[in-house]
Amino acid sequence: MLLEKHLDALASCVMQEALNLEAPPRAILRPTQDAKHGDFQINGAMALAKQLKKNPREIASPIAEAMLARDEVLEASVAGPGFINLRLDPKWVERLLASMLRDARDGVPEVEEKQTVVVDYSSPNIAKQMHVGHLRSTIIGAAICELLRFVGHDVIADNHIGDWGTQYGLLILGMREFGDQEALKRDAIVELERVYKIASAKKKEDEDFADRARAELAKLQKKDPDNYAMWEMFVETTRGVMDRVYDKLGVTFDHFLGESAYDDMLPAVVQQLKDAGIAREDNGAVCVFFNDDDIKNRLGKKFKKLGKQEVPFIIQKKDGAFLYSTSDIATVLYRREHFNSDRAVYVVDRRQGGHFQQLFAVMEILGEDMTLDHVGFGTVLGDDGKPLKTRDGGTVRLESLLDEAVERARNELEQRLADGKLRIAEHEMDEVSRAVGIGAVKYADLKQNRTSDYRFEWDKMISFSGNSGPYLQNQLVRTKSIFRKGEVELEGYEAPIALGHEREHSLARVMIKFPDVVHRAAALNEPHQIAEHLYDLAQAFSRFFTDCPVLKSEGETRASRLALTALTSQQLERGLRLLGIPVIDRM
Ligand code: ARG
C-alpha cells in the first residue's frame, strides 16, 4: 500500500465529512520532521480556512477529532497555526507490516497507468575510451530501468552509441596513412584515439588532407565496401571493450541502436522539418531558430524561454552533413513508430541539457506527444575537486577502474578474514570481492542526488562502515545469518508483529515508508531515494538489534522480532537489487 497516498485520501475524505463540504478539499499530508510530533501532519486546514474565511485552528479541531476515530490513527492534535499532527496506531502499523512481509512485492503496488518507456543510457562513442561520465549513465540508467520495471512499466533499454558522424572520414583516412595494425590488435581504442588525434591536427593545416577525409566519409555514407568494412571494424573492436565493462557491471540492454541506425532516415527528417516550417536554410545550413516569430508562437508553454535564445538547432551543415541533433530527432520518431513508446528517458550528462531542451521543443512543435525526459547527472570529481582524470591527465579507463575496485575489495576482505570478522571460504573470495567491489562503485554513485557532482573516494566507497555499499551488503548478511543461527527458515517466514520497544517502533517507522519511496524514486527517476531509505533502514535495524535481543528472547516476542528482521532483510534485498547492487548470502 502507498501509505502516504492512502492517508492523504483518507484525510481529505474526513475533512469533507467533518466540515460538510461539497467536494473533498486538499489534505496536504506530509511526514513530520520530528518523531516527537507524530508520524504525519495534515497541512490543508490552513489553506481551507482561508478559502472559507474561518479561523484555521477552529476548522482543524473537528478534523482532528474525526481523524482520531479512524483505525489508522492513535493520536491527532492541532498544533501551531492549524497543523494537525497524527500518530499512527501501532496496532494498525503491525498489521500493515505483517501484510508487507507476506506480500511477494513487499507491499509495493504497481502503477495504475502502465507505460512503455524507452530508457536511453550508457551510450558511449565508438573509437573512444568510455569515460566516467558513461559509467554514471550506465549505473543510473540501469537502476532506473529496474525501478520502472518493478513498478509495472514496460521498459526498453536502448544503448544509443555514438557510432556515426564526420569523424569516421578522418579515422578511415588516418588509419590508412598512419595506422599501426599491430597496435590496433593490441589495444584498438588506444590506437584509434592516437590516429584520430594526428588526423584531426593534420586536417587543420592540410587542405588536401581535409578534402580527402571528406571524400572517405562520403564513400562510407554510400556504403563503399572497403570503408564500410573499416567502420565495422571500429565498431566491433570498441563493442568488445564496452561489452567487457557491461559484463563486469552486470548491465544488459535490449537494443544497441546507435546513431548509424538512423542514417537512412535523416534526409527525410530534414525535409519534414522544412516542410512543416520548423527549420529553414541559413547560409547553406538548415536550422531551427527559436527566436523566429513564427517558432516563438508555436513553442509550448514549457519551452517559452527558448524563444529568447540566439543559438539555433542545426540539423544539417553547409556541406550537407547531418548531426547529433538530426539523428536524435529521427530516434524519437523511430521509437514512437517501432516501440510505440509513451515516454523516453535520456540518462545523459547534465551538460547536454541545452541540446535536449532544443530537441524536446522541436518534437513538441512537430506534434509529438511522447513524454521526453532528460535525466541529467553531475560530474565525477577527483581528489583535487576537478573532473576525475588519470595522474597524467588522461581519461580514466573504466575497465581498469572496475578492476581496481574489485582488487581493493579483495584486500579489505582479506584483512577482515585475518581479523576474524569474515566467515567465507577461500573459494568464495573471488565472487564476494567482485560483488563488494562493483557494489561499492555503484552505490557510491547512486547514493548521490544525481544532479550533483561527487568526489570519487576509494576509501569511503569500500569501507564496511558509513554510508557505503559494503555496509548495506553486510547488514543484509547479518539479517540472514540471524535466521541461519537460529535455524529458522527465512524464506516465507511469517509471524504476528507486536511493537513494544522504542527501537522496534523506530524500525517500523522506517519500514512502512518503503512502497512510497519506491514509487517516488521511479516517478522522479531518483535512485538515491532508494539508497537513502536503505541506509536509514540499516541504521534503524542496527539500533534495534543492539537493544532488542532476537534469538535470545522467547515466545511471541522472539517470533515478532524475527518477523521484523525478515522484513528488514526483504527490503534491503529488494532495494539493493533495484539499485543493481549484487546481493551476497555470506560475508
Ligand atoms: N554519445 C553521447 C555522448 O557520449 C550520448 C548520447 C545520449 N543519447 C542520445 N539520444 N543523445 O555524449
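Everything in this summary refers to the structure shown in the same document. It should be emphasised that the depicted structure is a prediction, and the values quoted were computed from it without experimental measurement. (Residues numbered from 1 in each chain as written. Predicted model: local features only at pLDDT ≥ 70, side-chain atom pairs only at ≥ 80, totals over all residues. Heavy atoms only, no water.)

As a further point, take the sheet that holds strand β6 (residues 154–158). The parallel open sheet is built from four strands, whose spatial order is β6-β5-β10-β11. Since the sheet does not close on itself, it has two edges, and those belong to β6 and β11 (371–375), each with one partner. Neighbour-to-neighbour, the strand axes of the sheet open up by a mean angle of 20 degrees, direction not taken into account. Examined bridge by bridge, strand β5 (residues 116–120) and β6 share five bridges and lie parallel to one another. By the bridge assignment, V117 is partnered in β6 with V155. Lying over the sheet, helix α14 (residues 353–365) contacts β10 (343–347) and β11, oriented at roughly 180 degrees with respect to β11. (Pairing = 2+ DSSP bridges. Helix = DSSP H or I, 4+ residues; strand = E, 2+ residues; numbered from the N terminus. Axes fitted to C-alpha atoms, helices over the stretch in contact; angles between N-to-C directions. Contact = heavy atoms within 4.5 Å.)

Before going further, it helps to examine the nonpolar core. Counting residues in each nonpolar core, the largest one holds 137 residues, and the members touching the most others are M67 and L97. Here the element with the most residues in this core is helix α5 (residues 132–150); it accounts for 11 residues. Once residues lying within four places of it in the same chain are set aside, the contact partners of L97 are I497, L499, A508, M511, I512, L564 and L567. Grouped together as the second largest cluster of nonpolar side chains are 35 residues, V118, V288, I329 and F356 included. (Core = buried A, V, L, I, M, F, W, Y, C linked by side-chain atoms within 4.5 Å. Buried < 20%, exposed > 50% of the residue type's maximum accessible area, 1.4 Å probe, protein only.)

For the rest of this paragraph, the subject is the sheet that holds strand β3 (residues 73–79). Read from one edge of the open sheet, four strands run β1-β2-β4-β3, paired in antiparallel fashion. Among the strands making up the open sheet, the edge pair consists of β1 (29–31) and β3. For this sheet, the mean angle separating the axes of adjacent strands, direction not counted, is 25 degrees. Where strand β2 (residues 40–42) meets strand β4 (residues 83–88), three bridges bridge the pair, whose relative direction is antiparallel.

A word on α5. Between the first and last C-alpha of α5 there are 27 Å, a value that for 19 residues agrees with the 27 Å anticipated at 1.5 Å per step. Burial of α5 is extensive: 17 of the 19 residues sit out of reach of the surface. (Expected span 1.5 Å × (residues − 1).)

Let us look at the site of the ligand. Taken together, the neighbourhood of the ligand is formed by D120, S123, N125, H134, H160, Y324, D328, Y346, V348, Q352 and F356. In this structure, a nitrogen atom belonging to the ligand sits 2.8 Å away from a side-chain N or O atom of Y324. Contact with the protein chains removes 90% of the 350 Å² of surface that the ligand exposes when unbound. Within the shell around the ligand, the residues separate by chemical class into four nonpolar, five polar and two charged. (Near = heavy atom within 4 Å. Polar contact = N/O pair within 3.5 Å; in protein donor to acceptor, adjacent residues only side chain to side chain. Areas by Shrake-Rupley, 256 points an atom, 1.4 Å probe, with all protein chains shown as cover. Nonpolar A, V, L, I, M, F, W, Y, C, P; charged D, E, K, R; others polar.)

On to the packing of helix α2 (residues 44–52) against helix α3 (residues 56–68), then. Two elements in contact, α2 and α3, have axes separated by 8 Å at closest approach and are oriented at 125 degrees. Between α2 and α3, the crossing angle belongs to the class labelled oblique. Where α2 crosses over α3, the handedness of that crossing is right-handed. Across from A45, M46, L48 and A49 in α2, the residues of α3 making contact are P56, I59, A60 and I63. (Parallel < 35°, antiparallel > 145°, perpendicular 65-115°, else oblique. Left-handed = near helix turned anticlockwise from the far one by under 90°.)

Tallied over the entire structure, the rule returns 43 salt bridges. Across the pair D264 and K223 runs a salt bridge whose closest N-O atoms are separated by 4.0 Å. Within this pair, whereas D264 is found in the loop between α10 (225–249) and α11 (266–275), its partner K223 is found in the loop between α9 (207–221) and α10, the two being separated by 41 residues in sequence. For D264, a relative accessible area of 66% puts it in the exposed group. We classify K223 as partly exposed; its relative accessible area is 39%. When salt bridges with common partners are traced through the structure, they connect R244, K248, E399 and D403 into a single cluster. (Salt bridge = Lys/Arg side-chain N within 4 Å of Asp/Glu carboxyl O.)

This paragraph deals with the pairing of β6. By the criterion of burial, β6 is predominantly enclosed, with four of the five residues buried. For the crossover from β5 across α5 to β6, the handedness is right-handed. (Right-handed = clockwise from strand over helix to strand, strands pointing away.)

Our next topic: the packing of aromatic side chains. The tally for this structure, following the rule as stated, stands at 18 aromatic pairs. Ring geometry for Y246 and F253: centres 4.9 Å apart, planes at 65 degrees, overall edge-to-face. In this structure F253 comes out as buried when scored by relative accessible area, which is 14%. An angle of 45 degrees between the planes, with centres 5.6 Å apart, marks the rings of Y346 and F360 as tilted. Of this pair, Y346 sits in strand β10 while F360 sits in helix α14; the two residues are 14 residues apart in sequence, bridging distant segments of the chain. Taken together, the aromatic side chains of Y121, Y246, F253 and F256 make up a single cluster linked through ring pairs. Above the face of the F150 ring, R105 is positioned so that its terminal group lies 4.4 Å from the ring centre. Here the guanidinium or amino end of R239 rests over the ring plane of F256, the centre of that ring lying 3.7 Å away. (Phe/Tyr/Trp six-rings, centres within 6.5 Å; stacked < 30°, edge-to-face > 60°. Lys NZ or Arg CZ within 6 Å of the ring centre and 35° of its normal.)

Moving on to the environment of L306. Mapped onto the secondary structure, L306 falls in the loop between α12 (293–298) and β9 (313–316). For the pair formed by L306 and N291, sequence separation is 15 residues and the distance between their alpha carbons is 7.5 Å.

Below, the discussion takes up the pairing of β10. Burial within β10 is extensive, with five of its five residues counted as buried. Along β10, one buried face is formed by R343, V345 and V347 and the opposite face, lined by A344 and Y346, is buried too. Sheet analysis places β5 next to β10, joined by four bridges and oriented parallel. Directly across from V117, in β10, lies its bridge partner R343. As paired elements, β10 and β11 share five bridges and run parallel to each other. What sits directly across from R343, in β11, is T371. On the question of chirality, the crossover connecting β10 to the parallel β11 by way of α14 is right-handed.

Taking 1.5 Å as the rise per residue, helix α16 (residues 429–446) with 18 residues should run 26 Å; its terminal C-alpha atoms sit 25 Å apart, in good agreement. Counting buried positions along α16 yields 15 of 18 residues, so the element is predominantly enclosed.

Once that is clear, we can look at unusual backbone geometry. Phi at A127 is positive, roughly 65 degrees, even though this residue is not glycine. One can find A127 in the loop between β5 and α5. Owing to a relative accessible area of 6%, A127 belongs among the buried residues under this scheme. Residues other than glycine seldom take positive phi values, yet E487 does so here, at roughly 55 degrees. Assignment of secondary structure puts E487 in the loop between α18 (469–486) and α19 (502–511).

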